[in-house]
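Structure at a glance
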Amino acid sequence: MISNLRGYALAGVVMAAGAVVLPADPAAAVSIEGTWKISTPASSFTPTDGPIPFTADTKKQYEDNQAASAKGDFSFDRTQSRCSSPGVPRLALTPLPFRIWVRPLAITFQYEWNRLNRTVDMTGRTFAAPFAGPAIGFSEGHWEGSTLVIKGQYFSEDTLIDDLVPHSDSMVVDERLHLKGANTLEDDLTITDPDSFTRPWHTKVTYTRQPDQAFAEDVCLDRLNAGQMPLPLIKR
Amino acid sequence: MRFALSRLRAVTVGLVMALASTALAQIGPGGPPGGLTPPPVDHSFDDLKPSPNAIGLGGIFPPLATPVPPNAPQPASDPRDLEGAWVHTESLSFLIDKDIDGMRPPYNPRGHKLLAKRLKSIADSKPFLNASSTCHPPGLPWQQDLNFPFLIFQSKNRIDVLYQEYHGLQTIYMNPADAPKTASYMGTSIGHWDGDTLVVVTKGMKNPIWIDVDGTPASANAVITQRIRKVDEGGWSLRIETTLDDPTYYTHPWSWVRDFGWRPEDQIFSEYDCETQVGDKSNNSNAGLVPEPAADDKP
């Protein structure tokens, strides 16, 4: 219900602003539209600038998660134990295809996994901090040439960054999505969370363009109730 | 045009009934000796009243009243381009108890019995579990009728409809050869254009569905036909006429109409994560709802 009220409040922000701001060059966005799938499936992000700079408390929580996972106890992970949304940035590791729809007011990420979606606000407005953040947080975006730049913030602290790494509700995720050729998409991510890490850290994920076809009706709870893992476990 | 004629019929029927009521009131209870005798009051549908929660509220979610910003994008001028964000702008009816002509849905005895049982379960504060309460795709038209936005994206051979609630997805196949052969919660939707009206036939549900909050039934064998067109009546809407053909529970097909307003600002979906509660096995995730007795809907 809170998220629903938030939706109404956000609509109000647009109304209060009295104007809808369109991106400078919507045509630049067309090329990333399409269906994509992670090129190298993974459960975890691989930092590109050294080890993850954990604070001491976060390191302890991470190691606890590691130990629990090794014993098959996923109670620390609401996605693996309940099918809750993996949220941002973990959705960047989604094992199933996803589709990007580019439209003037919003860019929609449509995931085959459990039929999830995430929208990036392209109107240029700013968000007020919510009472409680959702798993996907709030994402605002703009174009820098043909690179889609997204700032995500106001996340729930109940999600994980990937299969093991915790974060706080202070986390900010900056993303830069750009093509590396017609059929390869790269997402450069920067994780900033002073409550969990001693400095911002970086990672990147690469996707391969897929044929355009309908997504199957994926119902995670059915898979969970059948004894299957909601997300595949891929060893680091 | 058909809708307008139907509304006219409904109004006409209402006027005739009101005049008849006035005449009976003038006669008085029982009527004068030797005069007209009022017809007996029909109590056969007393068990099909909407659930108490709906009375006086007009539905749980009132329509959004915020106007569309003056410089907001408008729908495409092409009547066959339905892309954008749309929201059911009428109050949500807990019970769809009127058809397009204002008449009672044509329940057969089995449908009547099942709906009455569901309404009684609500009145008894022991409502039955359903797809919505278990965080599963609820099927059409429930998925559309909730007053939350949905997004339409059109491709050459396919229309994807993304719903905020239940993070729902309906795929409309414009090429029947592309459609899956297996049953699904939402069923398989196949579309074609009839002039500027998109006609979508949905069938092949893996389970029976509830078509509204109170539990008006549709079997897994139901065929749901929706005629969808864009209309501008001082503001853009999608007008969807839904026809339910389901001999399991109804004596003949019946139809109703809903309008869904153009809401470009609602492209920014709020998160819907029912799995957080329903998937938590450490709690009683049924939230007081009880399983519906199986195979108990025979007349």
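First things first, this report covers the structure right here in the doc. Quantities reported herein were computed from a predicted structural model and do not represent experimental measurements. Residue indices follow the written sequence of each chain, beginning from 1 at its first position. The naming scheme follows written order: chains are lettered A onward, ligands numbered 1 onward. With pLDDT at 70 or above as the cut-off, local features in this predicted model cover only qualifying residues; side-chain atom pairs require 80 or more to be listed or tallied, and sums for whole chains, interfaces and linings still use all residues.

Glancing now at the overall build of chain B. Helix numbers and strand numbers start at the N terminus; a helix is a DSSP run of H or I with at least 4 residues, a strand a run of E with at least 2. For chain B, the helix and strand inventory stands at four helices and eleven strands. Residue burial is a threshold on neighbouring C-beta atoms within 10 Å of the residue's own C-beta, all placed from the backbone, with 20 or more meaning buried, 12 or fewer meaning exposed, and counts in between meaning partly exposed. Classification of the 299 residues of chain B by burial places 34% in the buried group. Pairs at least 24 residues apart make up 63% of the contacts formed inside chain B by residues separated by at least 6 positions. Two residues qualify as being in contact provided that their C-beta atoms, derived from the backbone, are within 7 Å of each other.

Before going further, it helps to spend a moment on the interface of chain A and chain B. Each side of the interface is counted separately: chain A has 41 residues, and chain B has 36 residues. Secondary-structure elements contributing two or more residues to the side of chain A that touches chain B are α1 (2–17), α3 (78–82), β3 (106–111), β4 (117–121) and α4 (220–225) of chain A. Of the residues forming the side of chain A that touches chain B, the biggest block, nine residues, is contributed by α1 of chain A. The residue inventory of the side of chain A that touches chain B, partitioned by class, reads 21 nonpolar, twelve polar and eight charged. As a working rule, the residues Ala, Val, Leu, Ile, Met, Phe, Trp, Tyr, Cys and Pro are called nonpolar, Asp, Glu, Lys and Arg charged, and the rest polar, with Gly in that last group.

In this section: the environment of L233 of chain A. Residue and element names in this part refer to chain A. Residue placement: L233 occurs in the segment after α4. Judged by C-beta crowding, with 11 C-beta atoms within 10 Å, L233 ranks as exposed. Sequence separation between L233 and V219 is 14 residues; the distance between their C-alpha atoms is 18 Å.

As a further point, take the sheet that holds strand β2 (residues 98–102) of chain A. Residues and elements named next belong to chain A. Two strands are said to pair when DSSP picks up at least two bridges between them. Strand order around the closed barrel formed by nine strands is β1-β2-β3-β4-β5-β6-β7-β8-β9, with mixed pairing between neighbours. Here the average twist between neighbouring strands, direction ignored, is 30°. Relative to β3, β2 runs antiparallel, the two sharing five bridges. Across the sheet, I100 pairs through a bridge with F109, a residue of β3. Only the contacting stretch of a helix is used when fitting its axis, a line to C-alpha atoms as for every element, and angles between N-to-C directions run 0 to 180 degrees.

So, about the sheet that holds strand β11 (residues 254–262) of chain B. Residue and element names in this part refer to chain B. Taken in spatial order, the nine strands close into a barrel running β1-β2-β3-β4-β5-β6-β9-β10-β11, and their pairing is mixed. The mean angle between the axes of side-by-side strands here comes to 30°, regardless of whether they run parallel or antiparallel. Relative to strand β10 (residues 236–245), strand β9 (residues 223–232) runs antiparallel, the two sharing ten bridges. Note on β10: the bridge partner recorded for V231 is S237.

Of note, the amide linkage connecting V88 of chain A to P89 of chain A takes the cis form, showing an omega dihedral of 10°. Structurally, the position occupied by P89 of chain A is in the loop between α3 and β2. Following L140 of chain B, the chain continues to P141 of chain B via a peptide bond in cis, the omega torsion being -5°. One non-glycine residue with positive phi stands out, namely C83 of chain A, at about 75°. Of note, C83 of chain A is situated in the loop between α3 and β2. Positive phi, close to 65°, is recorded for C135 of chain B, a residue that is not glycine.

Residues and elements named next belong to chain B. Residues L198, V200 and T202 point to one face of strand β6 (residues 197–203) and are all buried, whereas T197, V199, V201 and K203, pointing to the other face, are not buried. Relative to β6, strand β5 (residues 188–194) runs antiparallel, the two being bridged by seven bridges. The residue of β6 that forms the bridge with H192 is V199. Hairpin connection of β5 to β6: two residues between the antiparallel strands, including G195 at a positive phi of 65°.

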